[in-house]
Amino acid sequence: MKRFGINKPTATLLSLLTLGFFTLLGGCSQNQPPTATVESESQNTETVSNQESATLKNLQAAYNGESNAHARYLAFSKKAEEEGYLQVATLFQAAADAEAIHAANHAAIIRKMGAKPEATIATPEVKSTLENLEEGISGESYERDTMYPEFIEQARKDGNQDAVVTFTYAVEAETEHAKYYAQAKDNLDDWRENTMTFYVCPECGYTTNDPNLAVCPECGTANNLFLSVS
Ligand code: FE2
Ligand code: FE2
Ligand code: FE2
């Protein structure tokens, strides 16, 4: 399986991607000199309320979920390769990359709110590729239909636009993952030969097999920046 765009091992993708999310945070620069700040009483109050907010809890839950999905899909990709479903292996790898991007996006907002991202990575339970696809469909459908819509609604109530953006980016990608997993499950024998390339937006994790998208339909990132997984 070949991956282009980022040549580092996937295990390091999450930490690398964390460095690239200054856009989401409003264009901060790593090269800015440190500045002394004096927190006012109102800023302290805001930090305390941030750390107790329902949206922060939701961000932590989503960060944990995405981090585990990343690990799970890497294991599913390896299993699919072992079973000879090479195209499914590529799809799981692309989805794993997307989940790492979602985790990094969520982590950036958690840190911006003054908290530390926390995830407990469980050892993935790997079954047959058919069953792994079914599990993938179930997980993505839950995130698409229940979890992220509820989190987005809560973030709106909390007035946290950063969280609305990162949750919305994720839900659009999960919709595509569920769609591709269903296609693979319904045509499993056609997904043995690895003929299709998947493209993953490095900003929002949008995942597609369409090479002709000029820009990401979700966040507008140019397609020459997409990760290519084949
Ligand atoms: Fe995700
Ligand atoms: Fe997903
Ligand atoms: Fe995007």
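For the structure, check the block above.
Here is what the cut-offs are and how they apply
Residues numbered from 1 in each chain as written. Chains lettered and ligands numbered in written order. Predicted model: local features only at pLDDT ≥ 70, side-chain atom pairs only at ≥ 80, totals over all residues. Heavy atoms only, no water. Salt bridge = Lys/Arg side-chain N within 4 Å of Asp/Glu carboxyl O. Buried < 20%, exposed > 50% of the residue type's maximum accessible area, 1.4 Å probe, protein only. Helix = DSSP H or I, 4+ residues; strand = E, 2+ residues; numbered from the N terminus. Expected span 1.5 Å × (residues − 1). Phe/Tyr/Trp six-rings, centres within 6.5 Å; stacked < 30°, edge-to-face > 60°. Donors = N, O, S within 2.8 Å, 3.2 Å for Na, K, Ca; no water. Tetrahedral: all angles 85-135°; square planar, octahedral: opposite > 155°, others 65-115°. Core = buried A, V, L, I, M, F, W, Y, C linked by side-chain atoms within 4.5 Å. Contact = heavy atoms within 4.5 Å. Axes fitted to C-alpha atoms, helices over the stretch in contact; angles between N-to-C directions. Parallel < 35°, antiparallel > 145°, perpendicular 65-115°, else oblique. Left-handed = near helix turned anticlockwise from the far one by under 90°. Nonpolar A, V, L, I, M, F, W, Y, C, P; charged D, E, K, R; others polar.

Bringing the pattern of salt bridges into the picture now. Following the criterion strictly, the structure yields eight salt bridges and no others. Between R192 and D189 there is a salt bridge, with the nearest N and O atoms lying 3.5 Å from each other. A residue is classified by how much of its surface remains accessible, and D189, at 58% relative accessible area, is exposed.

We now examine helix 4 (residues 86-112). With 27 residues, helix 4 ought to run about 39 Å at 1.5 Å a step, and its terminal C-alpha atoms sit 40 Å apart, in line with that. With 24 of 27 residues buried, helix 4 is to be regarded as a mostly interior element. Looking one or two places after helix 4, you find G114, whose phi comes out positive at around 90 degrees.

Turning next to the packing of aromatic side chains. Taken as a whole and judged by the stated rule, the model has ten aromatic pairs. Consider the rings of Y180 and F198, whose centres lie 5.1 Å apart with planes at 80 degrees: the pair is edge-to-face. Taken together, the residues Y180 in helix 6 (residues 161-186) and F198 in strand 2 (residues 198-200) connect sequence positions 18 residues apart. Using a relative accessible area of 0% as the deciding quantity, one classes F198 as buried.

It is worth spelling out the coordination of the iron ion (ligand 2) at this point. Those protein atoms acting as donors to the iron ion (ligand 2) are E99 (OE), E140 (OE), E140 (OE), E174 (OE) and H177 (ND1), and they sit at 2.0 to 2.4 Å. Along the chain, the residues donating to the iron ion (ligand 2) are arranged with the sequence spacing E-x40-E-x33-E-x2-H. Between the two metals, the iron ion (ligand 2) and the iron ion (ligand 1), the spacing is 3.9 Å, and E99 donates to both. Taken together, the residues span a long stretch of sequence, with E140 in helix 5 (residues 129-157) and E174 in helix 6 at a distance of 34 residues.

Another aspect to go through is the coordination of the iron ion (ligand 3). Looking at the metal site, the iron ion (ligand 3) is ligated by C201 (SG), C204 (SG), C216 (SG) and C219 (SG), spaced 2.3 Å from it. Note that the iron ion (ligand 3) binds four donor atoms; their angles at the metal cover 97 to 119 degrees, and the shape is tetrahedral. Within one chain, the residues serving as donors to the iron ion (ligand 3) are arranged as C-x2-C-x11-C-x2-C. Taken as a pair, C201 in the loop between strand 2 and strand 3 (207-208) and C219 in the loop between strand 3 and strand 4 (227-229) lie far apart in primary sequence, 18 residues in all.

Within the largest apolar cluster, 25 residues are counted, with the highest numbers of intra-cluster contacts made by Y73, V88, L91, F92, L133 and Y181. Where this core is concerned, the elements lending two or more residues are helix 3 (54-82), helix 4, helix 5, helix 6, strand 2 and strand 4. With nine residues, the top contributor of residues to this core is helix 4. Dropping the residues within four chain positions of it, Y73 is found in contact with F92, A95, A96, E99, G136, E140 and Y181. With 20 residues, the next largest nonpolar core counts A107, F151, I152 and A155 among its residues.

This next bit is on the environment of K78. Position of K78 relative to the elements: it lies in helix 3. When the C-alpha atoms of K78 and V126 are compared, they prove to be 9.7 Å apart, with 48 residues separating the residues in sequence.

On to the packing of helix 4 against helix 5, then. Two quantities define a packed helix pair, namely the angle between the axes and the distance from one axis to the other. It is at 12 Å that the axes of helix 4 and helix 5 come closest, and there the two elements cross at 30 degrees. Here helix 5 runs roughly parallel to helix 4, going by the angle between their axes. In terms of crossing hand, the pair formed by helix 4 and helix 5 is left-handed. Within the contact between the two elements, helix 4 uses V88, F92, E99 and H106 and helix 5 uses T129, N132, L133, E140 and Y148. Considered class by class, the residues forming the contact of helix 4 with helix 5 number four nonpolar, three polar and two charged.

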